[in-house]
Amino acid sequence: MSAPTLAGTALKVTPLGEALGAEIEGVNLALLDDASFVQIERAWADHLVLRFRRQQLSDLGLMQFSRRFGALDPVPIRASDVMDHTDPRLAIDPEAREYVTIISNVKVDGMAIGGLGNYEAHWHTDMSYNDTPPSASLLYGIEVPPEGGDTSFCNMYLAYDTLDKTSRERVRSLTCVHDASRNSSGELRRGFADNDEPTRTIGARHPLVRVHPVTERACLFLGRRRNAYIPELPLDESEHLLDYLWAHATQQRFSWTQQWQQHDLVIWDNRCAMHRRDSFDDRYERVMHRTQIRGTTPIRYV
Ligand code: SIN
């Protein structure tokens, strides 16, 4: 475990990727002081994704650190075959049930204790199908597999900045509808009907280019590819433009990959970074606890 931070001590910030990601060392998140948090916030604005190794966090500790970044969002709607959070077989603090999501392949009595199983999760922004998607997600590794299950992140400021001028101008005037029906592994959520027709997508409509409320920089805001639709365009043009933007944004040069160790805590800025996860062998158990910070309505960049 990291030693408590002495007030006024500079934290060590080491970039992890060319495009985004940094490691913060010299801090115990369970005993965080305000001066250290100011440094963390600054590093987060610069690097979009931060990793803290060897942290000992209970669910309440995770919630307490998360609340430094803003009010917590309630857990998202689960897929139909995932245990209800109120199920007493779940080892989750009763006070945390409303705010801590379990991401796991572990099953109890044949029932998944958390979401996403051991599947690949495709590139996405968390809960972008809501009118006010979370500003941040924090993921804490409780059990991690010895291989697989890596999480990659990509920098959506860079994705926007590196578009050619004509494309930048074009996308600034457009919006996109983000599909609410399936999670990032493609599983149908409770209460949603199957749909393969993007013009009938149910979910929030957001600007394709949003302004980050803190840095005031422009970033592409793609959310999720499946069933995405640009309502200002005919369907074939919408599909063509979205294919182009997705291929551009998810290039290796804009991304960095986190290989998990037990007790890693990773926070990402859900407004300007997308993420995906590799599948892993179901022989291994992966248990992650996640919180999310309430965001603001995405505003078009002008
Ligand atoms: C997520 O998509 O929020 C989960 C990422 C992960 O399991 O690594």
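What you are looking at is a predicted structure, and each value in this text was computed from that prediction instead of being measured. Counting starts from 1 at the beginning of each chain's written sequence and moves along it residue by residue. Side-chain atom pairs in this predicted model are given and counted only at pLDDT of 80 or more, local residue features only at pLDDT of at least 70, and totals for whole chains, interfaces and linings cover all residues. Side-chain numbers come from the whole structure's heavy atoms, not from hydrogens or water.

Turning our eyes to something else, we now look at the sheet that holds strand S10 (residues 151-155). Either a parallel or an antiparallel arrangement is found when strands of a sheet pair, and the pairing is made through backbone hydrogen bonds. Taken in spatial order, the four strands make up an open sheet running S8-S17-S10-S15, and their pairing is antiparallel. Taken across any chain shown, the strands that pair with only one partner, and hence form the sheet edges, are strand S8 (121-124) and strand S15 (255-258). Mean inter-strand twist for the sheet, computed between neighbouring axes without regard to direction, equals 15°. Two strands are counted as paired when DSSP detects at least two bridges linking them. We count a stretch as a helix when DSSP gives it H or I for four or more residues in a row; a strand needs E for two or more, and each element gets its number in order from the N terminus. Looking at chain direction, S10 and strand S17 (residues 273-277) are connected through five bridges and run antiparallel. Within S17, the position partnered with Cys 154 by the bridge is Met 274. Each axis is a line fitted through C-alpha atoms, taken for helices only over the stretch in contact, and angles between the N-to-C directions span 0 to 180 degrees.

This brings us to helix H1 (residues 34-47). One less than the residue count of a helix, multiplied by 1.5 Å, gives the span that helix is expected to have. The end-to-end C-alpha distance of H1 is 20 Å, a good match for the 20 Å that 14 residues give at a rise of 1.5 Å each. Residues Ser 36, Phe 37, Ile 40, Ala 43, Trp 44 and His 47 constitute the buried set of H1. For H1, the angular spread of the buried residues around the axis is 125°, confining them to a single face. Turned more than 90 degrees away from the buried face of H1, the exposed residues are Asp 34, Arg 42 and Asp 46. We call two residues in contact whenever any of their non-hydrogen atoms come within 4.5 Å of each other. Residues of H1 that are buried make contact with strand S1 (12-15), strand S2 (22-25), strand S3 (49-52), helix H2 (59-67), strand S9 (136-143) and strand S16 (265-269). Polar contacts here mean pairs of N or O atoms no more than 3.5 Å apart (in protein, one a potential hydrogen donor and the other a potential acceptor; neighbouring residues in sequence count only if both atoms are side-chain atoms). Between the side-chain oxygen of the N-cap and the backbone nitrogen of Ala 35 there are 3.1 Å, and the N-cap of H1 in question is Asp 33. After H1 finishes, the residue Leu 48 shows a positive phi value of roughly 70°. Burial status follows relative accessibility: with a 1.4 Å probe on protein chains alone, a residue under 20% of its type maximum counts as buried, one over 50% as exposed, and anything between as partly exposed. Arc, as used here, means the arc of the directions from the helix axis to the C-beta atoms.

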